[in-house]
Amino acid sequence: MDDSAPGPMVEGESSDAPISGGIPGQTRGATPYPAPGTNRQPTPYWPAPVPGAWQWTPTGFPGQRPPFGQIPYAHPGDPQRLWPHAVVDPRRDQQTPAIVALSLLAAVVTLIAYVGVAADRGAARSAGAAADSAHGETHPYAPQAGDPARPGGTNPTKDPGLTGPTASSSAEAAVLTRTQALAATRTTALRANDAAAFTRGLDKNDKALLDGQNRLFANLRKIPFDESTWNAKRVTDARTDPGATGGWPVTATVDVAFQHKITGADVGAVAEHYVWTVRCATSTDPCAVTKVVGADDSHVTGPSGYPAPWDLWDLAVERRAHVVTLGDRSLGDHLRIRADEAEAAATYDLQRWSGPTGTSPGFVIALTRERADFDKMYSRESAGDWAAGFALPLSASGDNDRVGGSRVVIDLTEMDRDAVFAKVILRHEMMHALLDPITRADFTRIPLWAAEGFADWAAQADRSIRGTYEARGVADLIHNGKFKGTLPTDADFDSTDEDVIDAAYNQAHLAIRYLADTYGADRACAFIADVYQGTSSSLDAAMRAATGKNLSEFEKAWADWTRKNFG
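Residues numbered from 1 in each chain as written. Predicted model: local features only at pLDDT ≥ 70, side-chain atom pairs only at ≥ 80, totals over all residues. Heavy atoms only, no water.

What follows concerns the overall build of the protein. A tally of regular secondary structure across the protein gives 16 helices and 12 strands. Relative to its 567 residues, the protein shows a buried fraction of 59%. Carbon and sulfur atoms make up 51% of the accessible area of the protein, which totals about 20100 Å². (Helix = DSSP H or I, 4+ residues; strand = E, 2+ residues; numbered from the N terminus. Buried < 20%, exposed > 50% of the residue type's maximum accessible area, 1.4 Å probe, protein only. Areas by Shrake-Rupley, 256 points an atom, 1.4 Å probe, with all protein chains shown as cover.)

Taken across its six residues, strand β10 (residues 363-368) has six buried, putting it largely inside the fold. By the alternation rule, side chains of β10 split into F363, I365 and L367 and V364, A366 and T368, which are all buried. Bridge count between strand β9 (residues 323-328) and β10: four bridges; the pairing is parallel. Among the inter-strand pairings, V323 is bridged to a residue of β10, identified as F363. Handedness of the crossover joining β9 and β10 through helix α6 (residues 333-352) is recorded here as left-handed. Examined bridge by bridge, β10 and strand β12 (residues 399-411) share five bridges and lie parallel to one another. Paired with L367 across the bridge in β12 is I410. (Pairing = 2+ DSSP bridges. Right-handed = clockwise from strand over helix to strand, strands pointing away.)

What follows deals with the pattern of salt bridges. What the rule picks out here adds up to 23 salt bridges. Note that K207 is salt-bridged to D211, the shortest N-O span being 2.6 Å. Here D211 and K207 lie together in helix α4 (residues 207-220), a separation of four residues that amounts to about one turn. Owing to a relative accessible area of 59%, K207 belongs among the exposed residues under this scheme. (Salt bridge = Lys/Arg side-chain N within 4 Å of Asp/Glu carboxyl O.)

A word on the nonpolar core. Ranked by size, the top nonpolar core spans 75 residues in total, and within it W353, I365, M430, W449, F454, F527 and W558 carry the most contacts. Among the elements that make up this core, the one with the highest residue count is helix α13 (residues 498-519) (11 residues). Those residues in contact with W558, other than ones at most four positions away along the chain, are F483, G485, T486, L487, Q507, L510, A511 and Y514. Counting 56 residues, the second largest nonpolar core, distinct from the first, contains A197, A232, A366 and V409. (Core = buried A, V, L, I, M, F, W, Y, C linked by side-chain atoms within 4.5 Å. Contact = heavy atoms within 4.5 Å.)

This paragraph deals with the side chain of T240. With respect to the element layout, T240 can be found in strand β4 (residues 225-240). For T240, the side chain forms a polar contact with the main-chain oxygen of G247, separated by 3.5 Å. Setting aside anything within four residues of it in sequence, one finds T240 in contact with T163, G164, P165, T166, A167, G247, W248, P249 and V250. (Polar contact = N/O pair within 3.5 Å; in protein donor to acceptor, adjacent residues only side chain to side chain.)

Next up on the list: the state of the cysteines. As enumerated under the stated definition, the model contains one disulfide in all. Between the sulfur atoms of C280 and its disulfide partner C287 the distance amounts to 2.0 Å. Disulfide C280 to C287: torsion about the S-S bond roughly 105°, handedness right-handed. By relative accessible area, C280 is classed as buried at 0%. Classification of C287 by relative accessible area gives buried; the value is 6%. (Disulfide = S-S within 2.5 Å.)

When the terminal C-alpha atoms of helix α9 (residues 419-435) are compared, their 25 Å separation across 17 residues agrees well with the 24 Å that a helix rising 1.5 Å per residue should span. In terms of burial, α9 is a largely internal element, 14 of the 17 residues being buried. The N-terminus of α9 is capped by D418, whose side-chain oxygen sits 2.7 Å from the backbone nitrogen of V420. (Expected span 1.5 Å × (residues − 1).)

A few words on helix α15 (residues 539-547). Here α15 lies mainly inside the structure; seven of its nine residues are buried. Taken residue by residue, α15 has L539, D540, A541, A542, M543, A546 and T547 as its buried positions. Residues of α15 that are buried sit in contact with α10 (448-460), α13, α14 (521-533) and α16 (551-566). Looking one or two residues beyond α15, the residue adopting positive phi is G548, at roughly 85°.

In C-alpha cells, the structure reads:
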C-alpha cells in the first residue's frame, strides 16, 4: 500500500458482425439511476438512430450545432455526448407508469467519453458506447460560440487571464520541467504526511488557494491508496508578460494528473486531471502555482475525474471490506450506516458474479445530499437532474482502452425515501462498476437488452419475478396483444414513447431472468461477460456458447416462456 494512506482502516438484433475490437480510447459509460417524481421528456436535437445499431455522425456538418467540447463524433441522440443509457428504475414498483419516462432520458444518451481519435482510423468508422453503464440527460442543444458560459467555469485547459505574446518553446519547456518538479514534491509529501511540502510551490499570498490545497492534502491522507503520484503532463498555454524583455516572466497553464489507485477497489491506476496556472519570474525561478482548477473531460482520456469528493468536502471516509464510502463529514453517523448497507450490497454483487476474473474487487462510493455536488462529481457533464445515482468508469492511466476503476455516486435524498430502493440502487450501480474493467468489446455490438436486462436481474435476483412491476408490465403487453415475442432493440430504448421504453426494460429483465432460471445464473454471467469482452465472434455465437441455442432460438424460447408464465 502507498505510504500516503493511513494504517488499515477500505448490447438487440442477431448479428454476425464481430463484437470484438473497440475503437482505441473507448470505454464503458456511467449509470445514473432516475430519481422518482420527475418526468422530463427530452426533445433530442439529433434524429433517432437506426434500429438495432448506433449510428455515429461526424460533427460540424452545415446546419448542425456541434456538441460541447472538441469531440470528433457525436451520437445522434446525444448532443452532449457524455452520458449514456439508463437502467430501469428499481422503484417502479412504487411509482406510476409515467415515471418510466425517466428511462427515455437515459436511453437517448450514450457515453463516448472514451472515444479515441477516430479520425486516425477513418472518419466514417462507427464508434460505440457503453450500453449499460450510464444514464443521462439530453440537452436540446449544445453550447456554441456566443452561448452563455456553462456552469462550472470557462475552458479550464487555458486561463483566460493569460495575456501577452506566446512564450518561446524553450521557455515553455523550462516551465514544464519546473512544474514537474513541483508535482514530484507533492508525490513525496503525500507519502511522508508533510503538509508544508505539499503546499510549498503555492502562491503564499493567496489564502484561499492555500486553504483549499491544505484541505485537499488532509482529505487525501484519509484515502487508502496503493499508488498516488502527481505528474505534469503538458503546457497548454504559456505567455510572456506584455512589455517584458528577455522572454520572462512567463505565466502558463499546465495539465497535471493525480494518478492513483485506491486499495481494494481499482484494478489499475486512474487519473484525476487538474490545470495549474504557474508563474515563473525568471529563467531560473522555481515558479509558483497561482491557481488550481479541474480539467475538461477529454475525447482521449475520458472524464477528467474532477472534482472528486476530496476536492469538495471536509471528507469523511468509511472503509469496509469491499467498499470505500466517501461523504461530507457533516453526514456523521448516517454515513456509517450507509457504508454498512453499501458493504452488504457489495458482498451480494460479488457473490452473485460467477463470471471471469478481472472485475472490480471492491467499490468507491460517494454519497451526498448536495445536488450541486452530485451533478458535477468526477466530470463537467451532469448526469441529469432526474438521476438518483450513477457509476462512472475512469480510464486506466497510460491505457485509455481499459478501465482502471469506476466511481459510484448516489444522491442520499433518494436513498432516504425507501429502504428497498436504497438496497437495489446500491446493488445496481455496483454491478456496473464491477463489470466495467472487463469491457473489451466494440460497443456497437453490446445490446441494451442484454446489458440493461442483466443489471436489472442481478440487482433483484434474490426475489421472485412473480408479482413484480416487470411481470405485471409484460402481462399487460400480452393481454393487450402488444407482446411481439422479440427482444427489444436499442431503438426501443431510444423511443419517444414512454410505453415502448417501459416495455423494453421489462422484457430485457425477463430475458435475462429466463436465461438464468433456465440455464443457471452462471450461464447468465458467462453470457454477459462474453458480450462485454468480445470473446465470441458475434452476439449469436455468444448466446450459443452460453445456452446452446442461437439468438433466434433463444428469442423464441424466451417468448414462449414469457407467454406461458405471464399471459
